[in-house]
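# Notes for the structure review
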Amino acid sequence: MVAKKRIALISTGGTIEKTYDELEGVLDNRASVLDVVLASLQLHGIAVVRVPLMNKDSLEMTPQDHELIAHTASTMAAAHDGVVIVHGTDRLATTGDRIHALLPSPRVPIVLTGAMRPYVMRNTDALQNLTEALLAVQILPPGIYVAMHNQVLRFPGVVKDKERGTFVAKHG
């Protein structure tokens, strides 16, 4: 029997995890929906180790938060076969660059992902992006990546294209 790959899934919040607060009438980061999402997937061959780090909108992240995520990713990369980080898209590139600065040659793939629309919305991209990240982390060579919208980009040199609503390679 082949051993399952151990994938650390670090959750930091962001749009993908926003839920609707009926009392306030707003989408907010209060409770993680990742366990619900994971339970809906068929994840043969991997064991997902959940690492709930924070639950913040990435626009509210501080430099210390980016540092904490980078150090946690480094620690998890040392003990797992891959790392997926669920992150808000507004500051995802900042965290990807910080991880790359801390760990330019990780021993396993580290894949960041998020969503432009929350999982709780009907037209969400959350399920697609998380599924792509979970596959990408199993087949990519070691490095730091973002996997979203049917593409994988390698850090450094990744930016959010707000007009297109996705990530692109930065042209020098």
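These numbers come from a predicted model, not from an experiment. (Residues numbered from 1 in each chain as written. Predicted model: local features only at pLDDT ≥ 70, side-chain atom pairs only at ≥ 80, totals over all residues. Heavy atoms only, no water.)

Taken as a whole, helix α3 (residues 92–102) has its buried residues at Leu-92, Ala-93, Thr-95, Gly-96 and Ile-99. With its buried residues spanning 160 degrees around the axis, α3 presents them on a single face. (Buried < 20%, exposed > 50% of the residue type's maximum accessible area, 1.4 Å probe, protein only. Helix = DSSP H or I, 4+ residues; strand = E, 2+ residues; numbered from the N terminus. Arc of directions from axis to C-beta.)

Now for the pairing of strand β9 (residues 158–161). The pairing of β9 with strand β10 (residues 166–169) spans four bridges and is antiparallel. In the strand pairing of β10, Asp-161 is matched with Thr-166. Here β9 folds back onto β10, and the loop between the two strands holds four residues, one of which, Gly-165, carries a positive phi near 70 degrees. (Pairing = 2+ DSSP bridges.)

This part covers the side chain of Thr-95. Inspection of the secondary structure assignment puts Thr-95 in helix α3. Given a relative accessible area of 0%, Thr-95 falls into the buried group. Sequence-distant contacts of Thr-95, defined by excluding residues within four places in its chain, comprise His-66, Ile-69, His-87 and Leu-112. (Contact = heavy atoms within 4.5 Å.)

Turning next to unusual backbone geometry. Between Phe-155 and Pro-156 the backbone carries a cis peptide bond, its omega angle lying at 0 degrees. Considering the arrangement of structural elements, one finds Pro-156 in the loop between β8 (151–154) and β9. Although it is not a glycine, His-149 adopts a positive phi angle of roughly 55 degrees. On the secondary structure map, His-149 appears in the loop between β7 (143–148) and β8. With a phi close to 65 degrees, Asn-150 is a non-glycine residue in the positive phi region. Summarising the element assignment, Asn-150 is placed in the loop between β7 and β8. A residue is classified by how much of its surface remains accessible, and Asn-150, at 67% relative accessible area, is exposed.

Turning to the sheet that holds strand β5 (residues 82–86), a few remarks are in order. The sheet built from six strands is open, its strands ordered β4-β1-β5-β6-β7-β8 with mixed pairing. Of all strands in the sheet, those bounded by a partner on one side alone are β4 (46–56) and β8. Adjacent strand axes in the sheet meet at a mean angle of 20 degrees, parallel and antiparallel pairs treated alike. α3 contacts β5, β6 (109–113) and β7 of the sheet and is inclined by roughly 165 degrees relative to β6. (Axes fitted to C-alpha atoms, helices over the stretch in contact; angles between N-to-C directions.)

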